[in-house]
Structures are given as structure tokens and as C-alpha cells.
Amino acid sequence: LGVFLAVLGITMTGNVFSANSSFNDEKSRVQNNYDGSQTLLHHIPKAVGSSTEVSRVDSGKILDLRIILPSKDQAGLDSFIKDIYDPQSPNYHQFLTSQQFDLQFGASQENSNLVMEYLKSQKLTIKGQSENGFILTVNGEISKVEQAFKVKIKNYKKTDGTMFFAPEDNPT
């Protein structure tokens, strides 16, 4: 499903699993698979590696997700961020208003529509989208989330006894 090239991060709320899109280039966040699908890398919390798997999460439990979409101009955004913090740049400290930022760098409507169509087809509910289009708020049963992203979500126990849930695989 090439559509998920557009998705850069997923956050599951509850006993918090988070994966963010702070990668330097496309190759570091996406793996192209032989079947045409794409796997989003770096979406398994580091704590999973040092924790004990306890059980699968109840498949009927409702999970809230935040789907982070990419900027429609990531190269331009990277350059803009570099410039506003570079004292040698004529754009140093030349910040944008929220509206200017959204128009120039927000998520594309095309990507938003593709991702929303896929999520709906997987029986997930779109609850909202941020003004700049970057963040989709979604929820659905764990079983539907697992199916949509080809992951298994499990309960884990840290060495200090803290319980949390997370996917055992990167989403595809």
C-alpha cells in the first residue's frame, strides 16, 4: 500500500506508545517491500527491547491514534528551519504565521484524502484533522488497527514493573 509512504508517525494514546517522524531522509523511514507495500521504520519503542512481553492486547479495546502526515514540501521545510536559525541567513528569525506555514508546508490534500480513504476502508474512524493537515485523529478496535498496519499489539512489562502496550513490528 504505497499510500502509507505518506504516513510518518503514529501515536497510540493510553499507556502511551509513540513513534515520531524525526528522521533525516526518506530512506531512513521507509522500507520498500517485494509485494509493493512499504514498512515504516523506527516505530517500535526502545523499551520493547528491554521489556518482557506479557500478553496480546484485548482485540476489542478501542485505540486512539494520531497519524502524522508529511509536509507537501519537506525539502523546503528543512531549508526554512535551517535558515531561520542560521545567523548568516537573510531569513534568520524571519518566522511565519500559522496561516503562512500551513499554506507553504502543510500536508497535501491528496495525501490526506488517500490516507483517510484507506483508514475508512479498514473500519477505522476519522475523528478529526489538524488545521495544517499534518495530524489525523483516528480510533478503532485494536484488531482493526492491527489489520490496517499489519502489526501485533502486545502488553509489555518494564524492569521497574511499569506496564505499557506497543506494536511488536513496524507498521506496513
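Everything numeric here is computed off the predicted structure, so don't read it as measured data.

Cut-offs applied
- Residues numbered from 1 in each chain as written.
- Predicted model: local features only at pLDDT ≥ 70, side-chain atom pairs only at ≥ 80, totals over all residues.
- Heavy atoms only, no water.
- Phe/Tyr/Trp six-rings, centres within 6.5 Å; stacked < 30°, edge-to-face > 60°.
- Buried < 20%, exposed > 50% of the residue type's maximum accessible area, 1.4 Å probe, protein only.
- Lys NZ or Arg CZ within 6 Å of the ring centre and 35° of its normal.
- Helix = DSSP H or I, 4+ residues; strand = E, 2+ residues; numbered from the N terminus.
- Arc of directions from axis to C-beta.
- Contact = heavy atoms within 4.5 Å.

**Q** Whenever I open this one, the packing of aromatic side chains confuses me. Can you help?
**A** The geometry of an aromatic ring pair is captured by two quantities: the separation of the ring centres and the angle between the planes. Applying the stated rule across the entire model yields 5 aromatic pairs. Between Tyr156 and Phe164, the ring centres sit 5.5 Å apart and the planes meet at 25°, which makes this aromatic pair stacked. Here Tyr156 falls in the buried class, since its relative accessible area comes to 4%. Stacked on the ring of Phe164, the Lys or Arg Lys158 has its end atom at 5.7 Å from the ring centre.

**Q** Is there a simple way to explain helix α2 (residues 74–84) in this structure?
**A** Side chains three or four residues apart in an α-helix point the same way, a direct result of the helix having 3.6 residues per turn. Within the span of α2, buried status applies to Leu77, Phe80 and Ile84. In a view along the axis of α2, the buried residues occupy a sector of 60°, so they form one face of it. Opposite the packed face of α2, turned more than 90 degrees from it, sit the exposed residues Ala75 and Lys82. Of the surrounding elements, those touching the buried residues of α2 are α3 (98–105).

**Q** Looking at this structure, how should I read unusual backbone geometry?
**A** Positioned with a positive phi, His93 is a non-glycine residue whose angle comes to about 60°. You can see His93 is positioned in the loop between α2 and α3. Residue His93 is classed as partly exposed on the basis of its relative accessible area, which comes to 42%. A positive phi angle, near 70°, is found at Lys123, a position not held by glycine. Its place among the elements puts Lys123 in the loop between α4 (109–121) and β7 (125–129). Judged by relative accessible area, Lys123 falls into the exposed class, the value being 60%.

On their own, these measurements won't tell you what the molecule is for.
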